[in-house]
Amino acid sequence: VKSVLGKGTLEQITAAKEGMVTALRAGFAQLIKIQGCVTLLLIIFADRILPAVGLGAVQGGSFQITILGVFLLVLFLSQMTILFYLGKLQTAMVCCFLFALVNGTVTAWSISSGEQWYGIGFLVASAAAATLAAIKVNRHLELLEYDTFTSQSIHG
C-alpha cells in the first residue's frame, strides 16, 4: 500500500507483491500441513474415536467423508479470506454460490441414494468451491499490479 500511495516505482510495487505472494503461499502450505495431519489422524483413528462419542461403525464412512469435506472447506474459507482482502467480492459470491448449489444438488441426490452416500454432497461442494476459489485467487494475484493501478483514480 505504501508503494502505491507513495508513488513507488514499478520495481518496488512488484517486490511488495512478490513478498505478499510468498507469505500467502507459505501460510497456505503451513495450513495444509497442519490441517492435513489433523484430518489424516482423525480418519486413521476414526474407529477408536466414534465409540467414544456414541457413534457406531455405520456412521464411520460418513464421518470420514465429512472430515475430508471439512479439510477442503478450511482450504476454501482460506481462499475466501484472500478474495475478501483483495476486494473481490463478486468472485467470492460466485464461489459461495457454487458451494451452495453443488452442496444442495449432490446432497439431495445422496439422501435419496442411501446412507452410504451421506456427506458426499458436502465433500464434493467443498472440493468444487475450493478449486474454483484457488483458481480465482491465483488469477487475481497474477493481475495484482494491473488491478491496483486501474482501480486508482487519476488526479494530480
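Residues numbered from 1 in each chain as written. Predicted model: local features only at pLDDT ≥ 70, side-chain atom pairs only at ≥ 80, totals over all residues. Heavy atoms only, no water.

A. Geometry of the confidence of the model for the protein. Here the protein shows a mean pLDDT of 89. Residues at 70 or above account for 90%. By mean pLDDT, helix H1 (residues 2-5) is the weakest element of the protein at 58, and helix H5 (residues 89-113) is the strongest at 97. (pLDDT = per-residue confidence, 0-100. Helix = DSSP H or I, 4+ residues; strand = E, 2+ residues; numbered from the N terminus.)

B. Up close: the environment of Ala 92. Looking at the element boundaries, Ala 92 is found in helix H5. Residue class for Ala 92 comes out buried when judged on its relative accessible area of 1%. In this structure, the C-alpha to C-alpha distance between Ala 92 and Met 80, residues 12 residues apart in sequence, is 6.1 Å. Other than its neighbours up to four places away in sequence, Ala 92 contacts Met 80, Leu 83 and Phe 84. (Buried < 20%, exposed > 50% of the residue type's maximum accessible area, 1.4 Å probe, protein only. Contact = heavy atoms within 4.5 Å.)

C. Focus on the packing of aromatic side chains. With the rule as written, the count across this model stands at 3 aromatic pairs. Ring centres of Phe 99 and Phe 122 lie 6.4 Å apart, and the angle between their planes is 85 degrees; on these two criteria the pair is classed as edge-to-face. Placement of Phe 99 in helix H5 and of Phe 122 in helix H6 (residues 120-142) is noted, with a sequence separation of 23 residues between them. One aromatic cluster is present, built from ring pairs that chain together Phe 76, Phe 99 and Phe 122. (Phe/Tyr/Trp six-rings, centres within 6.5 Å; stacked < 30°, edge-to-face > 60°.)

D. Representation of the nonpolar core within the structure. Ranked by size, the top nonpolar core spans 18 residues in total, and within it Phe 76, Met 80, Leu 83, Cys 95 and Phe 99 carry the most contacts. Counting residues per element, this core draws most heavily on H6, which supplies 7 residues. When near neighbours in sequence (up to four residues on either side) are disregarded, Met 80 contacts Ala 92, Cys 95 and Cys 96. Core analysis: the second largest hydrophobic core is formed by 6 residues, Ile 65, Phe 71, Leu 72 and Leu 123 among them. (Core = buried A, V, L, I, M, F, W, Y, C linked by side-chain atoms within 4.5 Å.)

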